[in-house]
Amino acid sequence: MDEINRWADIDEDLLKEISKRFHAYDDYIQLRLVCKEWSLKLAKIPNGNKIPWLLLPDETVKNHSYEDEEIYHLMQLAAADDETLDTCVLEEKNIYHIMLPEMQSYNKLIRGSGHGWLIVVSISDGTIQMLNPFTNRRLDLPPVSTFPDIIDYQPDNHGDEYTLWDFRDIRSTTERDKLHRLHVCKVIINSSPECDIENFMALVIFGPNRRLAFYKPGNMRWVEFPTRDKRFDDVIFFQEKIYAINNYGQLYEFDTKTRAGLKGGIHETRPPSEIFLSPTKPKYLVGCANGSLLMLVRHTEKKNEEYETYKFDIYELKRNRKEWSTLDNLGNYILVIGFNSSVQIPAPFLSKGNQIWFTDNQIAAQSSFYDPVAQDIGIFDLDHRSFQRVLLDVNLFCPPVWLS
């Protein structure tokens, strides 16, 4: 009994240090369940959720392109006929992860994350829901049928349920599941709605033209931004403003604090001269602790029928400056990009800085209506200009996403 009490009374700081070695959320939960005292000392959300967690759908389809079983052994991945996702490679790279049974259905897609919440789209009915995977709390956002480019939705008109303005701004019809699968490009939020519901706001990049819309509590529909410009790749909240970047590298700035509502448009800073329009070179925006904005250009190419990231370019717009400059060192920070709100965070425990952690590529996400596809997931080290890729042999219907 004395031995049991001795473990139960372990120093709280020491126990928290031990818990940081548990990279799988399921293992962390088991640690909390050892005894009542440990459950009280360890938070339900590990490390205050200040590190990015890789959210994985609890469904996998093995890619059978690898013929040599030795590769599986070296990569410490499951064999091709094994239906269980082996996450050892994630733990080796100190990537914290959580399996999400909620996403095991082929009816769900994650299209955003931030402040501890996921944004989930239902393919069957077009609902958009916020989900906190640690508390299982759920909140509804307006459905896909309320986007500004939707003219009409008739659920019983099978095959042509939606009437909308297409990418040419011509009135057309399309099938329900296809539209629900492809119409929501990315959703971000400015805060946890549990903290400040009055000032809560959600933004969406939507439709074939990748336009911008927003939602505030009380709205029944998504409201289009005061610009009808197209081809937006990313949007963020930063320093009480909204910044967006399009595929040309053009920056946009919007003020949310005006009496007349959302105001703004094209920023006076022009794109870097070497950037050009390309769907295989998506752009991301990140706000930094020093007040600068970063623009990442992600270069992808097709290899063996799958798209793969092979390079990142980083540009910095310093506060009160009007010109982008190239950046080749992030210091002790990492950038986290994908379907999540693009963020800069201090290097997590057991990890080094000057890295980019990435999931999905938006081409792969749009490339298949119904079939699972390979995912472009990994870590890019700027010091060595090298990639560490994970889960190479796994096809997923719902792309994984960082939650931070």
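Residues numbered from 1 in each chain as written. Predicted model: local features only at pLDDT ≥ 70, side-chain atom pairs only at ≥ 80, totals over all residues. Heavy atoms only, no water.

S.K.: Whenever I open this one, the overall build of the chain confuses me. Can you help?
M.R.: On a plain count of helices and strands, the chain comes out with eight helices and 30 strands. Here the chain holds 404 residues, and 53% of them are scored as buried. Split by element, the accessible area of the chain, about 18,800 Å² in all, is 48% carbon and sulfur. (Helix = DSSP H or I, 4+ residues; strand = E, 2+ residues; numbered from the N terminus. Buried < 20%, exposed > 50% of the residue type's maximum accessible area, 1.4 Å probe, protein only. Areas by Shrake-Rupley, 256 points an atom, 1.4 Å probe, with all protein chains shown as cover.)

S.K.: I'm lost on the pairing of strand β21 (residues 306-317) in this one. Help?
M.R.: Side-chain positions along a regular strand alternate between the two faces of the sheet. One ladder, built from 11 bridges, connects strand β20 (residues 293-303) with β21; its direction is antiparallel. Across the sheet, Arg298 pairs through a bridge with Phe312, a residue of β21. Counting the residues between successive antiparallel strands, the hairpin from β20 to β21 contains two residues, one of them, Asn304, with a positive phi of roughly 50 degrees. Examined bridge by bridge, β21 and strand β22 (residues 325-326) share two bridges and lie antiparallel to one another. Note that in β22 the partner of Tyr315 across the bridge is Thr326. (Pairing = 2+ DSSP bridges.)

S.K.: Quick question: what am I supposed to make of the packing of aromatic side chains here?
M.R.: Applying the stated criterion across every chain, the model contains 15 aromatic pairs. Each ring, one from Tyr153 and one from Tyr162, has its centre 4.3 Å from the other, and the planes form 20 degrees; the classification is stacked. Taking the relative accessible area as the measure of exposure, Tyr153 reaches 23% and is therefore partly exposed. Note on Tyr162: relative accessible area 1%, which makes it buried. Seen from their ring centres, Phe214 and Phe225 are 6.0 Å apart, and the 75 degrees between their planes marks the pair as edge-to-face. Placement of Phe214 in strand β13 (residues 211-215) and of Phe225 in the loop between β14 (223-224) and β15 (232-238) is noted, with a sequence separation of 11 residues between them. For Phe225, a relative accessible area of 4% puts it in the buried group. Among the aromatic residues, ring-to-ring pairing joins Phe214, Phe225, Phe232, Tyr252 and Phe254 into one connected group. Sitting over the ring of Phe387, Arg389 keeps its end group 4.4 Å from the ring centre. (Phe/Tyr/Trp six-rings, centres within 6.5 Å; stacked < 30°, edge-to-face > 60°. Lys NZ or Arg CZ within 6 Å of the ring centre and 35° of its normal.)

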